[in-house]
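# Tertiary structure, described
Given next are the chains, with one letter for each unit.
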Amino acid sequence: MLNLEEIKDHVIETGYNELQQINIEISWHSVSGGLVTYGDLYIPQNNGFNHIEYYIYIHPLLKKAGKAEIRGGIAHENVHLLRDIRQSRKQAEEEVRIYYHSKSYRIRDEICTDLEAINRGFGKEILALEIFREDSLSHNGFGIPSAYLKEILATMQDFPGRFTYKDYINMFGNGR
């Protein structure tokens, strides 16, 4: 049986040291519009400080997958989570509003999120998740298609630094 807590801890230890001290609950839970999602619980405290805890939900459909697919989903969501942590509450709320109201912004954000997870060493896992999405017809139309992911991973050693969104556009254009 897949232990989500162990998989999450391994992903954090491998590529997301910044999240070591952040409380992130993880569980199997239905996800609408995808296979993995994250969110926060904003908890006002009596002492005047606000407490934020995070969660990652893994769709039960991924029970049919392996650790690589789940690692890919967690790695992807960790990038979103890191962006949230680095912003003010107001900035994060504004970004979420734009994300859900602009398809082009959402596509770019999901591509950049995948690229950051790849740059942190989770390229094979992101590819495994994308192939699972495509095979199970769970693709939501955002993110990087598996054919593009294969090309990116095959050419990564030729890039002197991080693979960026600009590199992505230079390889594949604006089309999907």
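Model, not experiment: these values are computed from the prediction.

## Details of the side chain of aspartate 167
Tracing the sequence through the fold places aspartate 167 in helix α6 (residues 165–172). Here aspartate 167 is buried and forms no salt bridge, its nearest opposite-charge partner lysine 166 lying at an N-O distance of 7.3 Å. Not counting chain neighbours up to four residues away, the residues in contact with aspartate 167 comprise Phe159 and Arg162.

## Some points on the nonpolar core
Grouped together as the largest cluster of nonpolar side chains are 41 residues, with contacts concentrated most on Tyr16, Ile58, Leu62 and Tyr168. Mapped by element, the contributors of at least two residues to this core are α1 (4–15), β1 (24–28), β2 (36–44), β3 (50–58), α2 (67–85), α4 (103–135), α5 (146–155) and α6. Considering each element in turn, this core owes the most residues, 10 residues, to α4.

## Let's talk about the pattern of salt bridges
Between side chains of opposite charge, pairing is possible as soon as their charged atoms come close. One pass over the full model with this rule turns up 9 salt bridges. Between aspartate 9 and lysine 8 there is a salt bridge whose closest N-O contact spans 3.9 Å. Aspartate 9 sits in the partly exposed class, given a relative accessible area of 32%. Under the relative-accessibility criterion, lysine 8 is labelled buried at 5%. Where salt bridges share partners, they join Glu18, Arg86, Glu116, Arg120 and Arg162 into one cluster.

## Section: empty space enclosed by the protein
In total, this model carries 1 cavity of 30 Å³ or more according to the counting rule given. Here the largest cavity is characterised by a volume of approximately 40 Å³. For the largest cavity, the full set of lining residues is Asp114, Ile126, Leu129, Glu130, Arg133 and Leu149. With 5 residues, α4 is the single largest residue contributor to the lining of the largest cavity.

## Some remarks on the packing of aromatic side chains
Taken as a whole and assessed by the stated rule, the structure comprises 7 aromatic pairs. Taking the centre distance of 5.7 Å and the plane angle of 25 degrees together, the rings of tyrosine 16 and phenylalanine 122 count as stacked. Here phenylalanine 122 lies in helix α4 and tyrosine 16 lies in the loop between α1 and β1, a separation of 106 residues in the sequence. Comparing tyrosine 16 with phenylalanine 122, the two get one shared label, buried. On the numbers, 3.9 Å between centres and 5 degrees between planes, the contact of tyrosine 148 with phenylalanine 172 is stacked. A residue pair is termed long-range when its members are at least 10 positions apart, and tyrosine 148 in helix α5 and phenylalanine 172 in helix α6 qualify at 24 residues.

Parameters at a glance
Residues numbered from 1 in each chain as written. Predicted model: local features only at pLDDT ≥ 70, side-chain atom pairs only at ≥ 80, totals over all residues. Heavy atoms only, no water. Helix = DSSP H or I, 4+ residues; strand = E, 2+ residues; numbered from the N terminus. Buried < 20%, exposed > 50% of the residue type's maximum accessible area, 1.4 Å probe, protein only. Lys, Arg positive; Asp, Glu negative; His and termini not counted. Salt bridge = Lys/Arg side-chain N within 4 Å of Asp/Glu carboxyl O. Contact = heavy atoms within 4.5 Å. Core = buried A, V, L, I, M, F, W, Y, C linked by side-chain atoms within 4.5 Å. 1 Å grid on protein atoms, 1.4 Å probe; cavity = no way out; pocket = protein on both sides within 12 Å on 5 of 7 lines; lining within 4 Å. Points joined across faces, edges and corners; volume = space filled by probe spheres on them. Phe/Tyr/Trp six-rings, centres within 6.5 Å; stacked < 30°, edge-to-face > 60°.

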